[in-house]
Amino acid sequence: MGRITRLIFSLLLLPLMFLSFSVHDAAAAGKTQGKIVLDNKELALPKGIAIENVNGSVMIPIRIVVENLGFEVLWEQTSRKVTIKQDFKSVELIVGSKSANADGIRLDLNAAPKQTGGTVLVPIRFVSEQFGLKVGWDNRDKIVYLTGGAPAPLVAAPTPIPSPVPSPTAQVLSATPGNLGGSIPGTVVSTPSPAASIPGSDGAIAGAPKVKGAVFSENKLVVAVDGSVKPSITVMNNPARIIVDLPGTAFAPEFAGSLQQGLAGNGSPQGKLDVTGYPLVSEIRYALFSVNPSIVRFVIQTAVNQPYQLSTDEVTGLVTIDLNTQSVPWNGGGTAGNTGKPVVVLDAGHGGSKPGAVSITGRLEKDFNLAVVRKAGALLEQDGRMTVVYTRTEDTHLELQDRVVIAEAAGATLFLSVHANSLETSFPNWNKINGSETYYSRSESLPFAQIMHKHLLAGTGFKDNGVRYKSLHVTRETRMPAVLLEAGYLTNVDNETALYTDYLQNNLAGEIAAGIKEYLGL
């Protein structure tokens, strides 16, 4: 292996990426050490060290992988730091830390490295996520396959990463209530039956292809099947989702153990994949949709209608749904798909670990923001003349740029963010200042801001603090008319008391809906 090739592999193999395979119980897990196969070569695991699954992240020993590529690995006992070096490249990982350092650049890991004896295990997700290393796996035998992208196939196993083969364009269908994701018009599917004790094994046709594992990484859903399958894709709305049916398949017993995330609509046990770090993907769930005929279904629920590309590999049995397909750019007046309706993005400020302002009685801004956005969105959806997209509908954290990405991907016509204000106690008269204000960052947003401010005042009844210009990320970086509403001051006792009443929240939601419709001329 040449020096340049080794250097490229070092970049690919440093922080290691998540790979979701079936979670066996403790007894089953102890029966096999697992294997790592790197470019057709099985690497010897240290004695007593096994591939581990930590909170859904597969952990593998980094030393044996990196040293097989000829790189230097240093271990500092005091700081518990692993340093990997080759020529001018240096990467540092610290046991117990979810941050890595690559030539001075901080990188986030999905799970913290851990030390087992004298071996450091790292999450395999980060390799593929950051550097593009191709990963395959065998859930039954706990084998991780790694390749730097050589065209030659790996050793005989249903695990190498396939070459993408585009599929025909997916149908766009109306949603059908019930079941895991909705029925597919034109397909004969019997009434789904609840899964058996081991979903996908009992009641399935003998010899039918088995779903052995699945992972969501690099914005792709990859499903491992131990035979040939022709996926059926359906796109549905309200909520936006991509439904992937695998006709004639069932769950392999070792993967059926992951079906521990509640029940699907048809009563079958369902599983879910980790989608942390992907703001446009709300959830990926899977279950046995039907026993006769046997159909395994994956549902990718997204924040907006998401383009995709399907590829299958009949040799390896891998099915890939790639969400990195270029979306339609915002055109200055977006509509939802072929509906011709304007698209309104409602943003509930803060959320999750970022509560926003804290009121004088300890109430959190994020709760007020979300309550009003949900109420306003429900009114707009009931109207039916526009498509409503939410940046969040639960108490979850999104970065500011994530909110912009959602609006842009949706082709939004308008963007509106709801907040409540506050002041530091060091500010003069901090608890006396009150009132409502509306912010904009671009001149084209001013007309929208003026209309919304009028309705904001009608919704709160507070003092008029005016329409104000301010360079705020979500109103500056979006390309459609965008405003941010500061409904009132949580540091003012009168404002705070009123803001958390159903009366004000309902009234404000109604005025927000009225203002949006007024601006759109509806």
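Everything numeric here is computed off the predicted structure, so don't read it as measured data.

1. With respect to the overall build of the protein
Helix and strand counts for the protein stand at eleven helices and 30 strands. Counting over 522 residues, the protein shows a buried share of 52%. Split by element, the accessible area of the protein, about 22,500 Å² in all, is 52% carbon and sulfur.

2. Considerations on the sheet that holds strand β16 (residues 220–225)
The strands that make up a sheet pair up through hydrogen bonds in the backbone, lying either parallel or antiparallel. Pairing within the open sheet is mixed, and its five strands lie in the order β19-β15-β16-β24-β23. At either end of the open sheet lies a strand with only one pairing partner, and these are β19 (250–251) and β23 (309–313). Alignment of β23 against strand β24 (residues 318–322), held across five bridges, turns out to be antiparallel. Within the sheet, the bridge partner assigned to threonine 312 lies in β24 and is valine 319.

3. Quick notes on the nonpolar core
The biggest cluster of nonpolar side chains holds 35 residues, and the ones touching the most others in it are Leu346, Phe368, Leu416, Leu499, Ile512 and Ile516. Elements supplying a minimum of two residues to this core: β25 (343–348), α6 (365–383), β26 (387–390), β27 (414–421), α8 (446–460), β30 (482–489) and α11 (502–520). Excluding residues that lie within four positions of it along the chain, isoleucine 512 makes contacts with Val372, Ala376, Leu416, Val418, Met452 and Leu485. Membership of the second largest hydrophobic core comes to 32 residues, among which are Leu246, Tyr286, Val296 and Val319.

4. Some points on the layout of surface pockets
Over the atoms a probe the size of a water molecule is rolled, and this reveals where empty space is left. Of the voids in this model, the second largest pocket is the one considered here, and its volume is about 440 Å³. What lines the second largest pocket is a set of 24 residues, among which His350, Leu400, His419, Leu484 and Glu486 lie closest to the centre. Of all elements in the fold, only α7 (400–409), β27, α9 (473–476) and β30 reach the threshold of two or more residues within the lining of the second largest pocket. For the lining of the second largest pocket, the element with the most residues is β27, which contributes four residues. Grouping the constituent residues of the lining of the second largest pocket by class yields eight nonpolar, nine polar and seven charged.

5. Brief notes about the packing of α6 against α11
Helix packing geometry: the angle between the two helix axes and the distance between the axes. Between α6 and α11, the least distance of the axes is 8 Å, while the angle of their chain directions is 50°. Accordingly, the angle class assigned to the pair α6 and α11 is oblique. As α6 packs across α11, the resulting crossing turns out to be right-handed. Here Phe368, Ala371, Val372, Lys375, Ala376, Leu379, Leu380 and Asp383 of α6 lie close against α11, whose contacting residues are Asp502, Leu504, Gln505, Asn506, Leu508, Ala509, Gly510, Ile512, Ala513, Ile516 and Lys517. Residues of the contact of α6 with α11, tallied by class, amount to twelve nonpolar, three polar and four charged.

6. Topic: the sheet that holds β27
An order of β26-β25-β27-β30-β28-β29 is seen for the six strands of this open sheet, with the pairing classed as mixed. The two strands at the open ends of the sheet, each matched to only one other strand, are β26 and β29 (464–469). Geometrically, the sheet is characterised by an average inter-axis angle of 20° between neighbouring strands, direction not taken into account. Relative to β30, strand β28 (residues 436–440) runs antiparallel, the two being bridged by three bridges. Counterpart to threonine 438 in the pairing with β30 is leucine 485. Along the sheet face, α6 touches β25, β26, β27 and β30 and points at about 145° away from the line of β27. Its contacts with the sheet place α7 against β25, β26 and β27, and it is angled at close to 165° to β25.

7. What to know about the confidence of the model for the protein
Summing up the model confidence of the protein, the mean pLDDT is 74 and the portion of residues at 70 or higher is 68%. The low-confidence segment residues 3–31, where pLDDT is below 50, has 99 contacts with residues more than four positions distant or belonging to other chains. Every residue in residues 149–204 scores below 50 in pLDDT, and together they form 121 contacts with partners more than four places removed in sequence or on other chains.

8. Considerations on the pattern of salt bridges
Throughout the structure, instances matching the rule amount to 15 salt bridges. Of the charged contacts, one joins lysine 272 and glutamate 283 as a salt bridge, the two residues approaching to 2.8 Å between their closest N and O atoms. Here the residue lysine 272 occupies a position in strand β20 (residues 270–273), and glutamate 283 occupies one in strand β21 (residues 281–290), the gap between them amounting to eleven residues. Among the salt bridges present, the one from glutamate 444 reaches arginine 442, with a minimum N-O distance of 3.0 Å. With relative accessibility at 42%, the residue glutamate 444 sits in the partly exposed group. Among the ionic contacts, a cluster of salt bridges with common partners joins Glu76, Lys81 and Glu92.

9. Things to note about empty space enclosed by the protein
Applying the stated criterion across every chain yields a total of one cavity of 30 Å³ or more. One number sums up the size of the largest cavity: a volume of about 50 Å³. Along the walls of the largest cavity sit Gly227, Ser228, Val229, Thr312, Asp313, Glu314, Gly317, Leu318 and Val319, which together make up its complete lining. Within the residue set of the lining of the largest cavity, elements represented by two or more residues are β23 and β24.

10. As for the pairing of strand β11 (residues 119–123)
In summary, the side chains of a regular strand alternate between the two faces of the sheet. Counting buried residues in β11 gives five out of five residues, a clear majority hidden from the surface. Burial along β11 is two-sided: the residues Thr119, Leu121 and Pro123 and Val120 and Val122 are all buried. Relative to β11, strand β10 (residues 114–116) runs antiparallel, the two being bridged by three bridges. Across the sheet, the residue bridging to lysine 114 is leucine 121, located in β11.

11. Some words on the environment of glutamine 260
Examined against the element boundaries, glutamine 260 turns out to sit in the loop between α5 (253–256) and β20. As for glutamine 260 and glycine 271, which are separated by eleven residues in sequence, their C-alpha atoms are 5.6 Å apart.

12. Brief notes about the packing of aromatic side chains
Applying the stated rule across the entire model yields eight aromatic pairs. Centre to centre, the rings of phenylalanine 216 and tyrosine 278 are 4.9 Å apart; their planes meet at 75°, and the pair counts as edge-to-face. Of this pair, phenylalanine 216 sits in strand β15 (residues 210–217) while tyrosine 278 sits in the loop between β20 and β21, and the two are 62 residues apart along the sequence. The two residues phenylalanine 216 and tyrosine 278 agree in class, both being buried. Where tyrosine 440 meets tyrosine 469, the ring centres are 5.8 Å apart and the plane angle is 75°; that geometry is what we call edge-to-face. Highlighted residues: tyrosine 440 in strand β28 and tyrosine 469 in strand β29, separated in sequence by 29 residues. Through a chain of ring-to-ring contacts, the aromatic side chains of Phe251, Phe255, Tyr286 and Phe298 assemble into a single cluster. For arginine 297, the ring lying beneath its charged end belongs to phenylalanine 289, and the centroid distance is 3.7 Å. In this arrangement the basic side chain of lysine 470 is found over the ring face of tyrosine 439, its NZ or CZ atom lying 5.8 Å from the centre.

Thresholds, definitions, all that
- Residues numbered from 1 in each chain as written.
- Predicted model: local features only at pLDDT ≥ 70, side-chain atom pairs only at ≥ 80, totals over all residues.
- Heavy atoms only, no water.
- Helix = DSSP H or I, 4+ residues; strand = E, 2+ residues; numbered from the N terminus.
- Buried < 20%, exposed > 50% of the residue type's maximum accessible area, 1.4 Å probe, protein only.
- Areas by Shrake-Rupley, 256 points an atom, 1.4 Å probe, with all protein chains shown as cover.
- Pairing = 2+ DSSP bridges.
- Core = buried A, V, L, I, M, F, W, Y, C linked by side-chain atoms within 4.5 Å.
- Contact = heavy atoms within 4.5 Å.
- 1 Å grid on protein atoms, 1.4 Å probe; cavity = no way out; pocket = protein on both sides within 12 Å on 5 of 7 lines; lining within 4 Å.
- Points joined across faces, edges and corners; volume = space filled by probe spheres on them.
- Nonpolar A, V, L, I, M, F, W, Y, C, P; charged D, E, K, R; others polar.
- Axes fitted to C-alpha atoms, helices over the stretch in contact; angles between N-to-C directions.
- Parallel < 35°, antiparallel > 145°, perpendicular 65-115°, else oblique.
- Left-handed = near helix turned anticlockwise from the far one by under 90°.
- pLDDT = per-residue confidence, 0-100.
- Salt bridge = Lys/Arg side-chain N within 4 Å of Asp/Glu carboxyl O.
- Phe/Tyr/Trp six-rings, centres within 6.5 Å; stacked < 30°, edge-to-face > 60°.
- Lys NZ or Arg CZ within 6 Å of the ring centre and 35° of its normal.

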